[in-house]
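Residues per chain are reported as follows:
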Amino acid sequence: MTRGILITGGAGYVGSHTVAALIEWRAEQDYEIVVVDNLSNAHRENGQKKPEPLRIIEEMTDKTIQFYDVDIGDRDGLSKIFEKHSIDCVIHFAALKAVGESVQKPLEYYQVNITGTCTLFEVMRKYGVYKLVYSSSCTVYGEPERLPIDEGHPTGRGLTSPYGRSKYFCEEIMKDLCTSDQKWMIVSLRYFNPVGAHSSGRIGEDPAGTPNNLMPYISQVAVGRLDELLVFGDDYPTADGTGVRDYVHVADLAQGHLHAVRLLADPTYKGFQAINLGTGTGYSVLQMISAFEAASGRKIPYRIVGRRAGDIAANYADVSLAQKLLGWRATRTLDDMCRDTWRWQSINPNGFKKS
C-alpha cells in the first residue's frame, strides 16, 4: 500500500500551500496525500465536495487529493481515516490562530489547539504513526529577551496570549511524548509571520471575517473590501513606533515542511526538535504599508489606534538552525511577498467566494 502523509488543516492558508508543494514533490517520493479539515476557516462552494483551495490545486496539477471533512477532536472520524490509509507521517496545521481573538476566546483556543491535538496524538499512537511535523509559532517565545530569537531563547515566559500559550503547551506535551516513548519523531516548526500567495494567483490567504493578520488586512483595503487599515499602536520602542515582525513567504514556508518530512525520514533522527522558520529580517507595519503600495500601485489609507491586547513590540528570527538541520532558507523577498499577495487579491477580490 502506498505510504500516506496526513495533513490536518490542509484546506487552510499555510496548509493548502504545503499541499500544493507536496503534490509537486510526491512525484519522486510516491506519497499519497490525505487532507483533514473541518472547514472552520476554509471556503467550499455550494455543490462542491472539496474546499476551493484543494479543488483549485487539483485543477492546476491534474492530481487527486483525498479529503475528509473531519474535526481533529473527532476520535472516531480520525480513526476511520487511519484505518483506510497507510499513514506514515502527519503534518499538523489544524488550529485556531489569531492572537487577538484568543484573548477574547481563550476556552475555544485551548479546546481546539490543545485538546484536539491530544486527540490526534492518541489516534496516531493507536495506529503506530509516530512521525509528526507540527505547526508551531514564534509566539512561544513571549516578549523577546533578545533579538534575533534563536531556538535556545526561553519559551513559556511572559506569554501574551492564549494562542501563544496553547502552542507552548503543545510543544511541552510533544517533548513529554518523545521522552516517554523513543518511537516518537517530532519536528516543531516555529513560524514567524506567513504572508504572500501562490505564484499562480489562484490560492492565497482568505480569512473569514475581518482579518486578524496585517497582510490580508492591507490587501483587502487595497482592493476596496475594507475602507482603511487600523494600525494598532505607534508608541512601541521601534524605529517608527509601529510593531516589527519577521514576514516569510508562504511558498518558502511550505518548502520548510517538505524539508522537515525529509528529516523525519532519516533513520538516525530521534526525539523532538524545534526549528524557526523566518527570514531573519524584521519590518514595521508602516514599512509593510509602503512596500504594498509600491507593489499594488494603490494608496493604503490607515488610522492609528490603541495597542491590541497580546501584541509585542518586535520579533524576528535567527534562522541558522533551519539551514543547518533542514538545508532550508527563505529565498523570496518582501517585494515578492507583496507582489504575490496583490496578484491573488486583485484576481480574487472576494477571496474564494465567486461573488
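The name an unreviewed UniProt entry gives the protein chain is UDP-glucose 4-epimerase, with Diatraea saccharalis as the organism. In UniProt, the protein chain has this text filed under Cofactor (unreviewed entry): "NAD(+)". Taken directly from UniProt, the Subunit (unreviewed entry) text for the protein chain runs: "Homodimer."

## Section: the overall build of the protein chain
Across its full length, the protein chain carries 11 helices and 13 strands. For 355 residues, the compact-globule formula gives about 20 Å, and the C-alpha radius of gyration of the protein chain, at 19 Å, lands near that figure. When its C-alpha atoms are laid out on the principal axes, the protein chain stretches across 55 × 45 × 40 Å. The buried share among the 355 residues of the protein chain stands at 56%. For the protein chain, the share of sequence-separated contacts (at least 6 apart) that also reach a separation of at least 24 residues comes to 80%. Summed over all atoms, the accessible surface of the protein chain reaches about 15,000 Å², with 46% contributed by carbon and sulfur. Averaging the coordinates of the 39 positive side-chain charges in the protein chain and doing the same for the 43 negative ones gives two points 3 Å apart.

## Section: the pairing of strand β8 (residues 229–232)
Residues of β8 alternate between two faces, with L229 and V231 buried on one and L230 and F232 left unburied on the opposite face. With 4 bridges connecting them, β8 and strand β13 (residues 302–305) associate as parallel partners. Along β13, the bridge assignment pairs F232 with V305.

## What about the side chain of N315?
Take N315: it is sitting in the loop between β13 and α10 (320–326). Excluding residues that lie within four positions of it along the chain, N315 makes contacts with C138, P144, L147, I149, F192, N193, V244, R245 and D246.

## A word on helix α5 (residues 106–126)
Over its 21 residues, α5 extends 29 Å from the first C-alpha to the last, a length consistent with the 30 Å expected when each residue adds 1.5 Å. The secondary structure elements touched by the buried residues of α5 are β1 (3–8), α3 (75–84), β4 (86–92), α4 (99–104), β5 (131–137) and α6 (162–180). Residue G128 follows α5 closely and has a positive phi angle near 70°.

## What to know about the nonpolar core
Ranked by size, the top nonpolar core spans 49 residues in total, and within it I7, V19 and L189 carry the most contacts. Setting aside residues up to four positions removed in sequence, V19 forms contacts with I7, G10, I33, V35, L54, I57 and I65. The next biggest cluster of nonpolar side chains, apart from the first, holds 25 residues, and it includes F82, I87, V129 and Y134.

## Comments concerning the packing of α5 against α6
Contact geometry of α5 with α6 gives a least axis separation of 9 Å together with a crossing angle of 20°. By the angle between their directions, the pair α5 and α6 is classed as roughly parallel. The two elements α5 and α6 meet at a crossing, and its hand is right-handed. Contacts between α5 and α6 pair P106, Y109, Y110, N113, I114, T117, C118 and F121 from the former with P162, Y163, R165, S166, F169, C170, I173, M174 and L177 from the latter.

## Re the environment of T279
With respect to the helices, strands and loops of the structure, T279 is situated in the loop between β11 (271–277) and β12 (283–284). Excluding its chain neighbours within four sequence positions, the residues that come into contact with T279 are D246, Y247, V248, V319, A330 and M337. A distance of 2.8 Å separates the side chain of T279 from the side chain of D246, its partner in a polar contact. Within the structure, T279 has its side chain in polar contact with the backbone nitrogen of T281 (distance 3.2 Å).

Rules and cut-offs
Every residue gets a number counted from 1 within its own chain, in the order that chain's sequence is written. In view of the model being predicted, local features appear only for residues whose pLDDT reaches at least 70, and side-chain atom pairs are presented and counted only at 80 or more, with totals across whole chains, interfaces and linings using the full set of residues. The basis for every side-chain value is the complete set of heavy atoms in the structure, and neither hydrogens nor water enter the calculation. UniProt positions are given in the numbering used here, feature names are shortened, and annotations may be inferred rather than shown by experiment. The numbering of helices and of strands both runs from the N terminus, where a helix is a DSSP run of H or I of at least 4 residues and a strand a run of E of at least 2. Radius of gyration: C-alpha atoms only; globule rule: 2.2 Å multiplied by the number of residues to the exponent 0.38. Here's how the labels work: a residue is buried when its accessible area is under 20% of the maximum for its type, exposed when over 50%, partly exposed in between, all with a 1.4 Å probe on protein chains only. Any two residues having at least one pair of non-hydrogen atoms within 4.5 Å are treated as being in contact. Computed by Shrake-Rupley with a 1.4 Å probe, the accessible areas treat only the displayed protein chains as cover when residues are assessed. By the counting rule applied here, Lys and Arg register as positive and Asp and Glu as negative, while His and the ends of each chain are not counted. Just so you know, the charge point we use is NZ for Lys, CZ for Arg, CG for Asp and CD for Glu. A strand pair is defined by DSSP finding two or more bridges across the two strands. Expected helix span is computed as 1.5 Å times (number of residues minus one). Here the nonpolar core consists of buried residues drawn from Ala, Val, Leu, Ile, Met, Phe, Trp, Tyr and Cys, with membership extended through side-chain atoms lying within 4.5 Å. Inter-axis angles, ranging from 0 to 180 degrees, are taken between N-to-C directions of lines fitted to C-alpha atoms, where helices are fitted over the stretch in contact. Any angle that falls under 35 degrees is termed roughly parallel, while one over 145 is termed roughly antiparallel, one within 65 to 115 roughly perpendicular, and all others oblique. Working rule for handedness: look at the near helix, and if it is turned counterclockwise from the far one by less than a right angle, call the crossing left-handed; if clockwise, right-handed. Two N or O atoms count as a polar contact when they lie within 3.5 Å, although within protein this holds only if one can serve as hydrogen donor and the other as acceptor, and sequence-adjacent residues are included solely when both atoms are side-chain atoms.

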